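Listed below, chain by chain, are the residues.
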Amino acid sequence: MAGAATLEAVDNTPKAEVPIQSFTVTLIIRRFDPEKDAEPYWQDFDVELYATDRILDALHKIKWETDGSLTFRRSCAHGICGSDAMRINGRNRLACKTLIKDLDITKPIYVEAIKGLPLEKDLIVDMEPFFASYREIQPFLIADSKPKDGKERIQSVAQRERFDDTTKCILCAACTSSCPVFWTDGQYFGPAAIVNAHRFIFDSRDEAAKVRLDILNDKEGVWRCRTTFNCTEACPRGIEVTKAIAEVKAAVLRGKPDIPKK
Ligand code: SF4
Ligand code: FES
């Protein structure tokens, strides 16, 4: 009959398992132990990996099976905590979000600590200067006035949308440590602090935009940005970092942020 579906016999015979192919990948890792080494040095490791493994899996494999002294930070392993930003083949990325299949494994993969922050050991840097800048921009909602009905600070969809992009930051430092201005001038607030200032400056409920704009109108503030876009390229959350910095610059010039009235 025209249009009628035909039923085909289903073959339920178990198929022979096809082994998933693995590869030997060479990782060249920049090592440094302050108790033993005068200078950092590069060390090669050959690791058996699958295409779906990530650089974090490779580091775990080395640590668990070859060299327990290899030191790196990680926590969530799923791109949320921001603790495993590192330079992979010269680009800042999260080790837990970098798949082996997306890299050219015919060549060695170079892994080193992010730049611009003091190196502590192997892939770990001292994050304190990064968090000091973050604290300086006062990354919390400041609203001292009473809400209109005494209960809630109502915000429209458009007002919430205004700062949505910068709420996604996970403080991984991939942006700040990819910024050439930050490499040469460790006093610069850096992209991540400005992104987190943006998140509150453009929040219609916040009442301290002027304070934050004054902080960022400093010689080490937004005007140090040279719009190189390294930060935007490095951000694992896809935040338009350079755009956020440009919006803060415009707000400094206007003396206030450009927020929808309703
Ligand atoms: S803006 Fe992006 S790259 Fe910078 S700290 Fe936040 S998540 Fe990381
Ligand atoms: S381990 Fe948490 S972001 Fe990678």
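Residues numbered from 1 in each chain as written. Chains lettered and ligands numbered in written order. Predicted model: local features only at pLDDT ≥ 70, side-chain atom pairs only at ≥ 80, totals over all residues.

## Topic: the overall build of the protein chain
Where we set the bar: Only DSSP runs of H or I reaching four residues or more are called helices, and only runs of E reaching two or more are called strands; each is numbered from the N terminus. The globule rule used for comparison is 2.2 Å times the number of residues to the exponent 0.38, while the radius of gyration itself is calculated over C-alpha atoms. Exposure classification rests on a simple neighbour count of other C-beta atoms within 10 Å of a residue's own: a residue reaching 20 or more is buried, one at 12 or fewer is exposed, and one in between is partly exposed. C-beta atoms are placed from the backbone.
When its secondary structure is counted, the protein chain shows eight helices and seven strands. Computed over the C-alpha atoms, the radius of gyration of the protein chain is 24 Å, more than 25% above the 18 Å expected from 2.2 N^0.38 for a compact globule of 262 residues. Its C-alpha atoms give the protein chain principal-axis dimensions of roughly 80 × 70 × 30 Å. A total of 262 residues make up the protein chain; the buried ones form 36% of that total.

## Details of the site of ligand 1
To be explicit about the condition: To decide nearness, the C-beta atom of each residue is placed from the backbone, and the residue is near a molecule or strand if that atom lies within 6 Å of it. Polar here means any residue other than Ala, Val, Leu, Ile, Met, Phe, Trp, Tyr, Cys and Pro, which are nonpolar, and Asp, Glu, Lys and Arg, which are charged; Gly is therefore polar.
Neighbouring ligand 1 are 16 residues, the closest being Cys169, Cys172, Cys175, Ala192 and Cys235. Per-element accounting of the shell around ligand 1 gives the leading share, three residues, to helix 5 (residues 191–201). In terms of residue class, the shell around ligand 1 is built from 14 nonpolar, one polar and one charged.

## Description of helix 1 (residues 55–66)
The cut-off we apply is this: Helix span is expected to be 1.5 Å times the residue number reduced by one. Note that the arc is computed from the directions linking the helix axis to the C-beta atoms. We call two residues in contact when their backbone-placed C-beta atoms lie within 7 Å.
The end-to-end C-alpha distance of helix 1 is 16 Å, a good match for the 16 Å that twelve residues give at a rise of 1.5 Å each. For helix 1, the full list of buried residues reads Ile55, Ala58, Leu59 and Ile62. Down the axis, helix 1 shows its buried residues gathered within 100° of arc, on one side only. Opposite the buried face of helix 1, at more than 90 degrees from it, the exposed residues are Trp64 and Glu65. In this structure, the buried side of helix 1 is in contact with strand 1 (22–31), strand 2 (41–50), strand 3 (85–88) and strand 5 (109–112).

## Here's the deal with helix 6 (residues 209–216)
Residues of helix 6 that are buried include every one of Ala209, Arg212, Leu213 and Leu216, and no others. Along helix 6, the residues classed as buried sweep out an arc of 100° about the axis, all on the same side. Among the structural elements, helix 5 and helix 8 (241–254) are those in contact with the buried residues of helix 6.

## Describing the sheet that holds strand 5
This is how the line gets drawn: Following DSSP output, two strands are said to pair if at least two bridges run between them. Note on geometry: axes are C-alpha line fits, over the in-contact stretch for helices, and angles between N-to-C directions span 0 to 180 degrees.
The sheet built from five strands is open, its strands ordered 2-1-5-3-4 with mixed pairing. At either end of the open sheet lies a strand with only one pairing partner, and these are strand 2 and strand 4 (91–94). The mean angle between the axes of side-by-side strands here comes to 35°, regardless of whether they run parallel or antiparallel. Judged from the ten bridges that link them, strand 1 and strand 2 form a sheet pairing that is antiparallel. Following the sheet pairing, Ile29 is matched in strand 2 by Gln43. Running over the sheet, helix 1 touches strand 1, strand 2, strand 3 and strand 5 and is turned about 105° from strand 2.

## Focus: the domain arrangement of the protein chain
Rules: Domain segmentation is taken from an automatic or database assignment of domains.
Partitioning the protein chain into domains gives domain 1 (22–124) and domain 2 (128–143 + 155–254). Spacing between the C-alpha centres of domain 1 and domain 2 amounts to 28 Å. With 13 residues of domain 1 at the interface, the matching set in domain 2 holds 14 residues. Take the side of domain 1 that touches domain 2: its biggest share by element is three residues, from strand 4. Looking at the side of domain 1 that touches domain 2 residue by residue, the class counts come to six nonpolar, four polar and three charged.

## What to know about the packing of helix 2 (residues 128–136) against helix 5
Convention followed: Roughly parallel means an angle under 35 degrees; roughly antiparallel, over 145; roughly perpendicular, 65 to 115; everything else is oblique. When the near helix sits turned anticlockwise from the far one by under a right angle, the crossing is termed left-handed; a clockwise turn instead gives a right-handed crossing.
For the pair helix 2 and helix 5, interaxial distance at closest approach is 9 Å and the crossing angle is 25°. Relative to helix 5, the element helix 2 lies roughly parallel. Where helix 2 crosses over helix 5, the two elements pack in a sense that is right-handed. Of the residues in helix 5, those touching helix 2 at Phe130, Ser133, Tyr134 and Glu136 are Ala192, Ala193 and Asn196.

## Some details on the environment of Lys261
Of note, Lys261 is situated in the segment after helix 8. Distance in space between the C-alpha atoms of Lys261 and Ser156 is 9.0 Å, their sequence separation being 105 residues.

## Focus: the environment of Glu112
With respect to the helices, strands and loops of the structure, Glu112 is situated in strand 5. A tally of 20 C-beta atoms within 10 Å means that Glu112 is categorised as buried. On a C-alpha basis, the gap between Glu112 and Asp122 in space is 7.5 Å, while along the polypeptide they are ten residues apart. Beyond its immediate stretch of four places on either side in the chain, Glu112 contacts Arg30, Met86 and Arg87.

## A word on the nonpolar core
To keep it simple, the criterion reads: Residues of type Ala, Val, Leu, Ile, Met, Phe, Trp, Tyr and Cys that are buried and joined through C-beta atoms within 7 Å form what is called a nonpolar core.
Formed by 59 residues in total, the largest nonpolar core has its most connected members in Ile194 and Val248. For this core, the leading source of residues is helix 5, giving seven residues. The contact partners of Val248, leaving out residues within four places of it in the chain, are Ile194, Ala197, His198, Ile201, Leu216 and Val222.

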